[in-house]
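Residue-level structure breakdown
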Amino acid sequence: MRTAFARPIGLAIILCALAVLPAQAEVRILASPGGQVGPFLDLFERVRDSGERVVIDGPCLSACTLVLSMVPSNRICVTRRAVLGFHAARSIDRRGRLYAEPEASEFVLEAYPAPVRGWIRRRGGLTSRLLLLRGRELNAFYPACR
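Here the structure is a predicted model, which is why all the values come from computation and not from measurement. (Residues numbered from 1 in each chain as written. Predicted model: local features only at pLDDT ≥ 70, side-chain atom pairs only at ≥ 80, totals over all residues. Heavy atoms only, no water.)

This paragraph deals with the overall build of the chain. Looking only at helices and strands, one finds six helices and 10 strands in the chain. The buried share of the chain, taken over its 146 residues, is 45%. Within the chain, contacts between residues at least 6 apart in sequence are counted, and of these 65% link residues at least 24 apart. Surface exposure of the chain reaches about 7,800 Å², of which carbon and sulfur atoms provide 56%. (Helix = DSSP H or I, 4+ residues; strand = E, 2+ residues; numbered from the N terminus. Buried < 20%, exposed > 50% of the residue type's maximum accessible area, 1.4 Å probe, protein only. Contact = heavy atoms within 4.5 Å. Areas by Shrake-Rupley, 256 points an atom, 1.4 Å probe, with all protein chains shown as cover.)

In structure tokens form, the structure reads like this:
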């Protein structure tokens with residue numbers, strides 16, 4: 001069984017979606033459709049430990065949103081292109097069928113920062129429907145990048 005927030009995606013593709021700019025000490029998320037949770041947790045743990053800033057500069061969907069749980073909020077900023085997409089946790093069985101993981105969804109929801117968690121709850125919680133956080137609503141939680 002594989003736990004996923006979207007279709008499975010290889011770590012190489014995840015890393016291609018993230019541009020690491022060591023000279024500027026930042027990680028820029030340009031476009032991430034999500035994927036298996038494990039590689040994202042590993043990646044964001046390394047980013048957290050590095051002290052680098054995270055610039056969300058495009059879609060950060062599904063498992064990518066775990067960056068909000070792993071990296072301190074004061075090290076995250078967003079551009080006008082940033083979009084965060086949230087949905088309930090799902091797993092894939094041996095036959096490739098998706099099924100809901102309510103306990104994992106609750107665990108993930110509780111891990112998000114309180115303002116984001118409240119925003120998700122006000123919109124019905126984590127379900128199979130993708131909730132998109134962007135624009136002014138997103139800027140209420142994270143500053144614009146400078």
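Topologically, Leu43 is positioned in helix H2 (residues 37-50). Look at Leu43 and you get buried, because its relative accessible area is 8%. Distance in space between the C-alpha atoms of Leu43 and Cys64 is 10.0 Å, their sequence separation being 21 residues.

It is worth spelling out the pattern of salt bridges at this point. Pairs can form between side chains of opposite charge whenever their charged atoms are close. One pass over the structure, following the stated rule, counts 11 salt bridges. The salt bridge involving Arg28 is made with Glu26; its shortest N-O contact spans 3.0 Å. Put simply, Glu137 and Arg123 hold a salt bridge, and the shortest N to O gap is 2.6 Å. Of this pair, Glu137 sits in helix H6 (residues 135-139) while Arg123 is found in the loop between helix H5 (114-122) and strand E10 (131-134), placing the two residues 14 residues apart along the sequence. Assessed through its relative accessible area of 34%, Glu137 is described here as partly exposed. Within this structure, Glu26, Arg28, Arg53, Asp57 and Arg81 form a network of salt bridges that share partners. (Salt bridge = Lys/Arg side-chain N within 4 Å of Asp/Glu carboxyl O.)

Counting 34 residues, the largest nonpolar core has Phe44, Ile56, Val67, Leu68, Phe86 and Ile120 as the members making the most contacts within it. Of the residues forming this core, the biggest block, five residues, is contributed by H2. Ignoring anything within four residues of it in the chain, the contact list for Phe86 reads Thr65, Leu68, Tyr112, Val116, Trp119, Ile120, Leu126, Arg129, Leu130, Leu131 and Leu133. (Core = buried A, V, L, I, M, F, W, Y, C linked by side-chain atoms within 4.5 Å.)

Just geometry here; none of it tells us what the structure is for.
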